[in-house]
Amino acid sequence: MPTVARWATKEEAAEHLRVSVKTVQRMTARGDLVAHNVGPRLIRYDLNEIDQMLNATTTTEGTA
């Protein structure tokens, strides 16, 4: 069963990550975060994708 996207604004994504909005912009520019165009001028982030990224980072850092 596919998961439902949990759309968030740039500000909400920053709060979810506990970083600044500027950091979210940098992460998007580097390709670390995916910004989805949901309208001509509307960009959203999927919190599920952010959670997956955080979990992948956490599990790979734990293995040495």
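Attention in this report is confined to the structure presented alongside it. (Residues numbered from 1 in each chain as written. Predicted model: local features only at pLDDT ≥ 70, side-chain atom pairs only at ≥ 80, totals over all residues. Heavy atoms only, no water.)

Helices and strands together make up the secondary structure of the protein, namely 3 helices and 3 strands. Seen in sequence order, the protein has helices and strands lined up from the N terminus as β-α-α-β-β-α. Expressed as a percentage of the 64 residues in the protein, the buried residues total 20%. When the accessible surface of the protein is split by element, carbon and sulfur atoms take 54% of a total near 4,900 Å². (Helix = DSSP H or I, 4+ residues; strand = E, 2+ residues; numbered from the N terminus. Buried < 20%, exposed > 50% of the residue type's maximum accessible area, 1.4 Å probe, protein only. Areas by Shrake-Rupley, 256 points an atom, 1.4 Å probe, with all protein chains shown as cover.)

Attention shifts here to the nonpolar core. Residues Ala8, Ala13, Ala14, Leu17, Val24, Met27, Leu33, Tyr45, Leu47 and Ile50 constitute the largest nonpolar core, which totals 10 residues. For this core, the secondary structure elements donating two or more residues are α1 (10-17), α2 (21-30) and α3 (47-62). The greatest single-element share of this core, amounting to 3 residues, is contributed by α1. Apart from residues lying up to four places away in sequence, Val24 is in contact with Lys10, Ala13, Ala14, Leu17, Val19, Leu33 and Tyr45. (Core = buried A, V, L, I, M, F, W, Y, C linked by side-chain atoms within 4.5 Å. Contact = heavy atoms within 4.5 Å.)

Another point: the side chain of Asn48. With respect to the helices and strands, Asn48 occurs in helix α3. Apart from residues lying up to four places away in sequence, Asn48 is in contact with Thr3, Val4, Ala5 and Arg6.

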